[in-house]
Amino acid sequence: MFDYGIKFWSKDDFVIEDGKVKIGANRKIALIDVVSKVRESGYKGPLLIRFPHLIQKQIDKLFNSFNTSIKQYKYKGNFKAVFPLKVNQFPNFILPLVEASMDRDYGLEAGSKAELIIAMAYTNINSPITVNGFKDKEMINLGFIASNMGHNITLTIEGLNELQTIIEVAKDMGSPYPNIGLRIRLHSMGSGVWAKSGGINSKFGLTSTELLEAVKLLKKSNLISQFSMIHFHIGSQISDISPLKKALREAGNIYAELRKMGCENLNIVNIGGGLAVEYTQHQGYNNRNYTLDEFSGDVVFSLKEIAKNKKEKEPDIFIESGRFVAASHAVLVAPVLELFSQEYDERALRLKDKNPKLIEELLDLYNSIDERHAMEYLHDSLDHMESLLTLFDLGYIDLQDRSNTEILVHLIIKKVIRILKHKNHNEILQIQEQIQERYLLNCSFFQSMPDYWGLGQNFPVMPLDKLNTRPTRSASLWDITCDSDGEISFNKNTPLFLHDIDIKNEEYFLGFFLVGAYQEVLGMKHNLFTHPTEFSIILDDDEDCGYLVENLLEAQNILDVLDDLDYDTKDIERRLKQRIDDVENLSDEYKKEVLGQLYIMLSENGYLRTITISGKSIK
Ligand SMILES: *Cc1c(COP(=O)(O)O)cnc(C)c1O
């Protein structure tokens, strides 16, 4: 894998050129240059880079695809969409999104009071707002206030009691009323790990019996004219399109039936979210079995068929896909701090005058490896290591012998890889797991890729440069939390190979792509590592370098992190100072210096800034 499967997951958002990952726009800008520039200004540690032009690109793709299908099938309804805020609520994502959707029927979806406040403040006034999730009276009130502001807002009812509350609030507040949507409970299910939102046992939605009751209530309270939308959501990251087609048939028929019951203003079928993102880097491991155009074509065609059969008007199509719009806009860049076996250097060998026989043999293997015997010697040396470690456990060899064993075996591995470098990787793939290199990354997977930890979701990862050189090391990735779950281990079926870097002398950065959906707000502060330093890259041809760095926000400093946990940070500072003051035998000058250093550290973020290897300070 030289190209890290970029053709599967990047859709030309990023391309490889001159051995570097570059932005796939007119001016090809290398990510490594952007990273160097920002690091030169003193921002170390992991960086989250946002690309607002990719938000625009996804919104355009979505609308173009649906509008093309609508034209193709001569469909009479319109296409509208909202972005579900739960996917990414950060202002540096939402503000560009709102700007990019100025000329579109594209609004925001809220699932909580706080999200609704964001939607009310930022949604373009003619664009739609939808409100899903459980609602109390206050939240419904908020919906009426939005409606008073002139927003085109639809409250989607998840249960009959919410409808009762709407009827009460309508009596109190009077018009203008928000529109009302009903979430229907389907017996169709989504697929994949996120499928729990659909199906007859799902957490949300009205059963057919409840739907009939709801219509009765709406009519009785003269609110039936507000009822304009039915809604379903079969789950995120729909991998297979067939459950969606089933759900569409079910929803389409419910739509037609409800209209026949006198729901005259019902004219929207909201198909929820779930449009999948292709995360795979490996042929044969696709995350979805359809394209966007098939998806939009199927939706339009299904609804057209049902409307025709039931002789009803073709409904407007409404979609709430969030992952599809947000995922590609953000890239996490993590500096590599260390390669685990780097310390196994020939100079570290301390061979004795008389070494155990197996160690002499290891030395022999190391000195005499050639291409013909490489694999055989490698196997022998791994066997020898097993035996030597057993001998150590039994007390027959000492710590120096054990250290020599480790060094020699790692030297043999490196030599074999060097010798076989130009051969097909398959030859040594069988043992790659045993000879993998561990790369320590300056980031937290818990903070920046929680779905990796929680759901086993893999994100495309690749080095930002050196792509002209064949990567030779099978790699496992380790973050800097002290949690053994903070590891992305080497997988024989979907292998990751990285370069053998002397990190003392050169920098090496890995990019994790498609991390723009869900990861940020779900990210947790395990070990108190917080949201990384972030910034946006605005493409701008007037600039010499072709871009501007904007909205730079440094990761929270240590005092703020502790403040978030409700520590009294003044008390912490006071205690630290007191403890230094209390030390006897230290000069006042020295104490002052130590205290100064402490204060600086408290004002910086908690990611690693420097790491000292063999006395040389880097990063
Ligand atoms: C989460 C959610 C979405 C967004 O789903 P994606 O998979 O991100 O497209 C849409 N609608 C509802 C009701 C949701 O709960």
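As the structure is a prediction and not an experimental result, all values here were calculated from the model.

**With respect to the nonpolar core**
Thinking step 1. Phe232, Leu477 and Phe512 are the most contacted members of the largest nonpolar core, which totals 140 residues.
Thinking step 2. Ranked by residues supplied to this core, first place goes to helix H9 (residues 242–260) with eight residues.
Thinking step 3. In this structure, Phe512 is in contact with Ala330, Val331, Leu332, Ala334, Leu441, Phe445, Met449, Pro460, Val461, Leu477 and Ile488, ignoring residues within four places of it in sequence.
Thinking step 4. Membership of the second largest hydrophobic core comes to 27 residues, among which are Leu362, Leu365, Ile412 and Ile417.

**Looking at the confidence of the model for the protein**
Thinking step 1. For the protein, the mean per-residue pLDDT works out to 92, and 95% of the residues sit at or above 70.
Thinking step 2. Contacts for the low-pLDDT stretch residues 611–619, under 50 throughout, to residues beyond four places or in other chains number 29 contacts.

**Side note on the pattern of salt bridges**
A side chain of one charge can pair with a side chain of the opposite charge if their charged atoms are brought near each other.
Thinking step 1. Going through the model one piece at a time under the given rule, you end up with 35 salt bridges.
Thinking step 2. The salt bridge involving Arg50 is made with Glu534; its shortest N-O contact spans 2.7 Å. Residue Arg50 is found in strand S3 (residues 47–50), and its partner Glu534 is found in strand S19 (residues 533–539); the two are separated by 484 residues along the sequence. For the residue pair Arg50 and Glu534, the accessibility class agrees, reading buried in each case.
Thinking step 3. Each of Glu17, Asp18 and Lys22 takes part in a single network of salt bridges with overlapping partners.

**Description of the site of the ligand**
Thinking step 1. Residues in close proximity to the ligand total 16 residues, the closest being Lys86, Ser236, Gly274, Glu320 and Tyr518.
Thinking step 2. At a separation of 2.8 Å, an oxygen atom of the ligand approaches a polar backbone atom of Gly274.
Thinking step 3. A distance of 2.8 Å is found between an oxygen atom of the ligand and a backbone nitrogen or oxygen belonging to Gly322.

**Some remarks on helix H3 (residues 52–72)**
Thinking step 1. When the terminal C-alpha atoms of H3 are compared, their 30 Å separation across 21 residues agrees well with the 30 Å that a helix rising 1.5 Å per residue should span.
Thinking step 2. Every buried residue of H3 is listed here: Pro52, Leu54, Ile55, Gln58, Ile59, Leu62, Phe63, Ser65, Phe66, Ser69 and Ile70.
Thinking step 3. Backbone geometry just downstream of H3 places Lys74 in the positive-phi region, at approximately 50 degrees.

**Notes on the environment of Gly150**
Thinking step 1. Mapping Gly150 onto the fold places it in the loop between helix H6 (137–149) and strand S7 (152–157).
Thinking step 2. The class of Gly150 is partly exposed, set by a relative accessible area of 41%.
Thinking step 3. Taking the C-alpha atoms as reference points, Gly150 and Asp316, 166 residues apart in sequence, are found 21 Å from one another.

**Description of helix H13 (residues 374–393)**
Thinking step 1. For H13, built from 20 residues, the straight-helix expectation of 28 Å at 1.5 Å per residue is met to within 8% by its first-to-last C-alpha distance of 29 Å.
Thinking step 2. Positive backbone phi, at 90 degrees, marks Gly395, one or two positions downstream of H13.

**Examining the side chain of Ser127**
Thinking step 1. With respect to the secondary-structure elements, Ser127 resides in the loop between helix H5 (113–122) and strand S6 (128–131).
Thinking step 2. A relative accessible area of 4% means that Ser127 is categorised as buried.
Thinking step 3. At 3.3 Å, the side chain of Ser127 forms a polar contact with the backbone oxygen of Tyr106.
Thinking step 4. Among residues more than four places away in sequence, those in contact with Ser127 are Arg104, Tyr106, Gly107 and Asn152.

**Details of unusual backbone geometry**
Thinking step 1. The omega angle of the peptide bond from Ser175 to Pro176 is 0 degrees, so this bond is cis rather than trans.
Thinking step 2. One non-glycine residue, Gln237, adopts positive backbone phi at about 50 degrees.
Thinking step 3. Within the element layout of this structure, Gln237 appears in the loop between strand S9 (227–231) and H9.
Thinking step 4. Residue Gln237 is classed as buried on the basis of its relative accessible area of 5%.

**Re the sheet that holds strand S10 (residues 268–270)**
Thinking step 1. Pairing is parallel in the closed barrel, where eight strands are placed in the order S4-S5-S6-S7-S8-S9-S10-S11. Mean inter-strand twist for the sheet, computed between neighbouring axes without regard to direction, equals 25 degrees.
Thinking step 2. As defined by bridge partners, strand S4 (residues 79–84) adjoins strand S5 (residues 106–110) across four bridges and the pair is classed as parallel. Across the sheet, residue Phe83 finds its bridge partner in S5, namely Leu108.
Thinking step 3. Contacting S7 and strand S8 (179–183), helix H7 (residues 160–173) runs over the sheet at an angle of about 140 degrees to S7.

**Brief notes about a nonpolar patch on the surface**
Thinking step 1. Taken together, the side chains of Ile145, Met149 and Met173 make up a nonpolar region of the molecular surface, amounting to roughly 250 Å² of accessible area.
Thinking step 2. In this fold, Met173 is placed in helix H7.

Calculation notes
Residues numbered from 1 in each chain as written. Predicted model: local features only at pLDDT ≥ 70, side-chain atom pairs only at ≥ 80, totals over all residues. Heavy atoms only, no water. Core = buried A, V, L, I, M, F, W, Y, C linked by side-chain atoms within 4.5 Å. Buried < 20%, exposed > 50% of the residue type's maximum accessible area, 1.4 Å probe, protein only. Helix = DSSP H or I, 4+ residues; strand = E, 2+ residues; numbered from the N terminus. Contact = heavy atoms within 4.5 Å. pLDDT = per-residue confidence, 0-100. Salt bridge = Lys/Arg side-chain N within 4 Å of Asp/Glu carboxyl O. Near = heavy atom within 4 Å. Polar contact = N/O pair within 3.5 Å; in protein donor to acceptor, adjacent residues only side chain to side chain. Expected span 1.5 Å × (residues − 1). Pairing = 2+ DSSP bridges. Axes fitted to C-alpha atoms, helices over the stretch in contact; angles between N-to-C directions. Patch = residues over 30% accessible without salt bridge, like charges linked within 9 Å, V, L, I, M, F, W, Y side chains within 5 Å. Areas by Shrake-Rupley, 256 points an atom, 1.4 Å probe, with all protein chains shown as cover.

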